Amino acid sequence: RGLGDVYKRQVGCVWSVGAAAYLPYKTSFNREVIGVLDFGGNTINCMIYDRGNLLKDTISTLDLGMIKLERKIIDTLNIETGWNLQDYEVRDIIERGECKQAVDKCIREHIKQIKQRLLEKKWNIDRLTIFATGGGSQQLNEHLKKEFRGVIVSQNGLWDNLNGLKIVGGEVYGKETYQRN
């Protein structure tokens, strides 16, 4: 390009996946240390906030998302029942309570893996309040409450990241831009 050309640089804002999910609840959690687990399809994004401040060295991703759990349930049920269960059937099986013992065992083992990986990352899961969000947190709600002491499962987990990013957008680009519904 010629010397007269002007380049316009736009400043961006980068957020770790899952970090924004905390923001709609920041005022509720601003006096404590909270471990955030964002349960997605392929991964679980993990981070710890200390009184509203993200501890950057705690950000990590576990390859233990809901798709991996569903695959384990499918494989287990196909072996135990002789079925040829497919991906599109597994949620109905779970919701109807079919093969409940086998399904619950798979879920318990999956959560045990999650807890083990968090311990390896130096999370004190016996004392840390856990905020579970993401679509998978709603599916695992009852199991998370049994397996984690002090867990808070978001009632709006599917939308927490979006709502948090709306807050970020309002701060970065101006609130009037993000007030429209």
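Definitions and cut-offs
- Residues numbered from 1 in each chain as written.
- Predicted model: local features only at pLDDT ≥ 70, side-chain atom pairs only at ≥ 80, totals over all residues.
- Heavy atoms only, no water.
- Pairing = 2+ DSSP bridges.
- Helix = DSSP H or I, 4+ residues; strand = E, 2+ residues; numbered from the N terminus.
- Axes fitted to C-alpha atoms, helices over the stretch in contact; angles between N-to-C directions.
- Buried < 20%, exposed > 50% of the residue type's maximum accessible area, 1.4 Å probe, protein only.
- Phe/Tyr/Trp six-rings, centres within 6.5 Å; stacked < 30°, edge-to-face > 60°.
- Lys NZ or Arg CZ within 6 Å of the ring centre and 35° of its normal.
- Contact = heavy atoms within 4.5 Å.
- Expected span 1.5 Å × (residues − 1).

Engineer: Help me understand the sheet that holds strand β4 (residues 129-133), please; the structure alone is not making it clear to me.
Structural biologist: Within a beta sheet, neighbouring strands are joined by backbone hydrogen bonds and run either parallel or antiparallel to one another. Here we have five strands laid out as an open sheet, ordered β3-β2-β1-β4-β5, and mixed in their pairing. Every other strand in the sheet has two partners, leaving β3 (53-62) and β5 (151-153) as the edge strands with one partner each. Adjacent strand axes in the sheet meet at a mean angle of 20°, parallel and antiparallel pairs treated alike.

Engineer: For this particular structure, what's the right way to read unusual backbone geometry?
Structural biologist: Outside of glycine, negative phi angles account for most residues, and trans bonds account for most peptide bonds. With a phi angle near 50°, R51 is a residue other than glycine that sits in the positive phi range. For R51, the location among the structural elements is in the loop between β2 (44-50) and β3. On the basis of relative accessible area, R51 is assigned to the partly exposed category, the value being 48%. In the Ramachandran plot, C99 falls in the positive-phi region, its phi being about 50° despite a non-glycine side chain. Following the sequence through the fold, C99 ends up in the loop between α3 (90-96) and α4 (100-120).

Engineer: Can you help me understand the packing of aromatic side chains in this one?
Structural biologist: When we look at a pair of aromatic rings, we describe it by the centre distance and by the angle of the planes. Summed over all chains, the structure comprises five aromatic pairs. Relative to F29, the ring of Y25 has its centre 6.3 Å away and its plane inclined at 35°; by these criteria the two rings are tilted. Under the relative-accessibility criterion, F29 is labelled buried at 7%. For the pair Y25 and F131, a centre-to-centre distance of 4.9 Å together with 55° between the ring planes defines the contact as tilted. Highlighted residues: Y25 in the segment before α1 (26-29) and F131 in strand β4, separated in sequence by 106 residues. Connected via pairs of aromatic rings, a cluster forms that spans Y22, Y25, F29, Y49 and F131. In this arrangement the basic side chain of K115 is found over the ring face of F148, its NZ or CZ atom lying 5.4 Å from the centre.

Engineer: Got a minute to help me understand the side chain of D160 in this structure?
Structural biologist: In this fold, D160 is placed in helix α7 (residues 160-173). D160 has contacts with A20, A21, P24, Y25, F131, T133 and S154, leaving out every residue within four places of it along the chain.

Engineer: Help me understand α4, please; the structure alone is not making it clear to me.
Structural biologist: What sets the pattern is the α-helix's 3.6 residues per turn: residues three or four places apart point alike. Its 21 residues give α4 an end-to-end C-alpha distance of 30 Å, which sits within 8% of 30 Å, the value for a rise of 1.5 Å per residue. Residues of α4 that are buried in the fold lie against β1 (33-39), β2, β3, α2 (66-81), α3 and α6 (141-147). Two residues or fewer past α4, K122 is found with a positive phi of approximately 70°.

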